Amino acid sequence: MSPSRHVVVVGGGFAGLAAAVRLVRAGARVTLLERRPFLGGRAYSFTDAASGDVIDNGPHAFMGAYTALGAFCGEIGAADAIAFQPRLHVPMAHPVDGAGAVAAPGVPGPLQGAAALLRYGLLSRRDRFRLLAAAVRLVTAAPEALAGRTVAQVLAATGQSAAACRRFWDPLVIATLNEVPDRAAVAPFAAVLRRGFLAGARAARFGFARAPLGEAFATPARMTIERGGGSVRTGAAVAAVDVIGDRVAGVVLRDGWRFACDAVILAVPAAALRRILPGGLRGDTALASIGGAATSPIVSVHLWTDDGAVRAGAPDAGAPFVGLLETRAQWLFDCGPSRDGGRRLATVTSGARAWDDADDDRIVAEAVADVRRTLPALRELQPTRAHVVRERHATLSLTPDVERVRPATATALPNLFLAGDWVQTGLPATIEGAVVSGVRAAEQALAAALDRPAAAA
């Protein structure tokens, strides 16, 4: 593409970054505009003022099945940004019944996911076989058999016990869809199982960023965009999309600055669409529905401690996280040493509506109590300080009704495109889904920009 073809990407989360990177690598002139002073969207890093530690808004685990994210990392020169387990290993802990793990043995790849389920010691043998049968049924189901149904409805139809739900399905569903099984659409959940746990050894394993999210992903993405001749502007709030005739002609910032362009990608949260969509699209039923859809929160609790026993009791390096079963704090991560000489842990709670009205002190107290009563080695955990991060609108609440109205990348305007984890990708609202949507939007924007004369600078 001629460098004079100009595409504006609105939004600097993973969807916007993936779109901008793909565009500059194809030779387009790109301007990326981000409202906030940093990039990364809802997966960002910041410096904790008290300790000086650079921390993520919440710990993240990445599946080997995240192939689009892996390709994106390769494009930005960050192919080694994620350290993957040798094979699937997810430690779990129950306050009464102790420890277990969904762990794959050293068997041929396609068998590892199934073997891991059958070896899960916190369930009876009967439950394990039924669990595997349900997983196979989910990944092989025809799309029409899943449409309009919740995870809970399908699990009930496969005869899953209450114990299997509490100790396997509920944690997995809530972690991947940020929603409880009674509300969560089953179709995107089945896609996770299909691409992950039963797709082979490399796909099933988990990985963890070797550096804070901003350093691992956002910084190299920005450098790639700028080295390719693109421009990245943070603190740039878009007020409107400018339309002339039946095409987008540019975007206008709140300060009045206008960028003329040949195509626009809106990689913003779904709720932001209502503020910046051109008037002619505001009556679109699907876009109106998705823009007003309910969201689901995630709460992370960062804990600092100087207790020497914590290192021995924290999750091991091969799986620096552990699932906390039947507790409000769902996952505990070992985030490594702090700059002050202590150590930092973090809990993550998805679908955290129970804490909507709670103050930080209550959240910290409940999270610490959950860790103490679930992990014997941390019964004496005494954090020296804590920091609570609330993402009140972390993702859409992907109910069957919302799944049905997730919009396509293309819009009624031939050179305006949508990207984000809320766009219809067939995947849950994850970083992988965001990257998939960004790449798809970039490819469509490239084609659209070639169909008209270049925009004036």
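See the structure above.
Treat the numbers as computed from the prediction; the structure is a model and nothing was measured.

S.K.: I tried to follow the sheet that holds strand 9 (residues 206-209) on my own but got confused; where do I start?
M.R.: Reading across from one edge, 5-9-6 is the order of the three strands in this open sheet, with antiparallel pairing throughout. A strand with exactly one partner marks an edge of an open sheet, and here the two such strands are strand 5 (62-63) and strand 6 (82-84). As defined by bridge partners, strand 5 adjoins strand 9 across two bridges and the pair is classed as antiparallel. Looking at strand 9, one finds that M63 is bridged to F206. Each of strand 5, strand 6 and strand 9 is contacted by helix 10 (residues 213-227), which is oriented at about 85 degrees to strand 9, the strand it contacts most.

S.K.: Could you clarify how one ought to interpret the nonpolar core in this entry?
M.R.: A general feature of soluble globular proteins is that nonpolar side chains tend to end up buried together. Grouped together as the largest cluster of nonpolar side chains are 96 residues, with contacts concentrated most on L69, F72, W169 and I265. Broken down by element, the residue count for this core peaks at 10 residues, all from helix 16 (residues 431-449). Contacts of F72, omitting those with residues within four sequence positions, involve F14, L17, A18, V21, A221 and V435. Core analysis: the second largest hydrophobic core is formed by 32 residues, A236, L253, L281 and L416 among them.

S.K.: Where do I start with the packing of aromatic side chains in this structure?
M.R.: Ring pairs (aromatic) are described by centroid distance and by the angle formed between their planes. The full count for this structure, using the stated rule, is 13 aromatic pairs. Seen in terms of ring centroids, F168 and W169 are 4.9 Å apart; in terms of plane orientation they differ by 80 degrees. Their pairing is edge-to-face. In this structure an aromatic cluster arises from ring pairing among F206, F208, F321, W331 and F333. Geometry around Y44 places R36 over its ring, the cationic atom sitting 5.3 Å from the centre. Note that R233 overlies the ring of W257, its terminal NZ or CZ placed 5.9 Å from the centroid.

S.K.: When you look at the packing of helix 4 (residues 125-140) against helix 7 (residues 162-177) in this model, what are you seeing that I'm missing?
M.R.: Helices that pack against each other are described as a pair by the angle of their axes relative to one another and the distance between those axes. At a minimum axis distance of 11 Å, the contact between helix 4 and helix 7 shows a crossing angle of 55 degrees. As judged from the angle between their axes, helix 4 and helix 7 are oblique. Crossing of helix 4 over helix 7 shows right-handed handedness. Each of D127, L131, A134, A135 and L138 in helix 4 lies in contact with helix 7, whose residues at this interface are A163, A164, F168 and W169. Considered class by class, the residues forming the contact of helix 4 with helix 7 number eight nonpolar, no polar and one charged.

Criteria and cut-off values
Residues numbered from 1 in each chain as written. Predicted model: local features only at pLDDT ≥ 70, side-chain atom pairs only at ≥ 80, totals over all residues. Heavy atoms only, no water. Pairing = 2+ DSSP bridges. Helix = DSSP H or I, 4+ residues; strand = E, 2+ residues; numbered from the N terminus. Contact = heavy atoms within 4.5 Å. Axes fitted to C-alpha atoms, helices over the stretch in contact; angles between N-to-C directions. Core = buried A, V, L, I, M, F, W, Y, C linked by side-chain atoms within 4.5 Å. Buried < 20%, exposed > 50% of the residue type's maximum accessible area, 1.4 Å probe, protein only. Phe/Tyr/Trp six-rings, centres within 6.5 Å; stacked < 30°, edge-to-face > 60°. Lys NZ or Arg CZ within 6 Å of the ring centre and 35° of its normal. Parallel < 35°, antiparallel > 145°, perpendicular 65-115°, else oblique. Left-handed = near helix turned anticlockwise from the far one by under 90°. Nonpolar A, V, L, I, M, F, W, Y, C, P; charged D, E, K, R; others polar.

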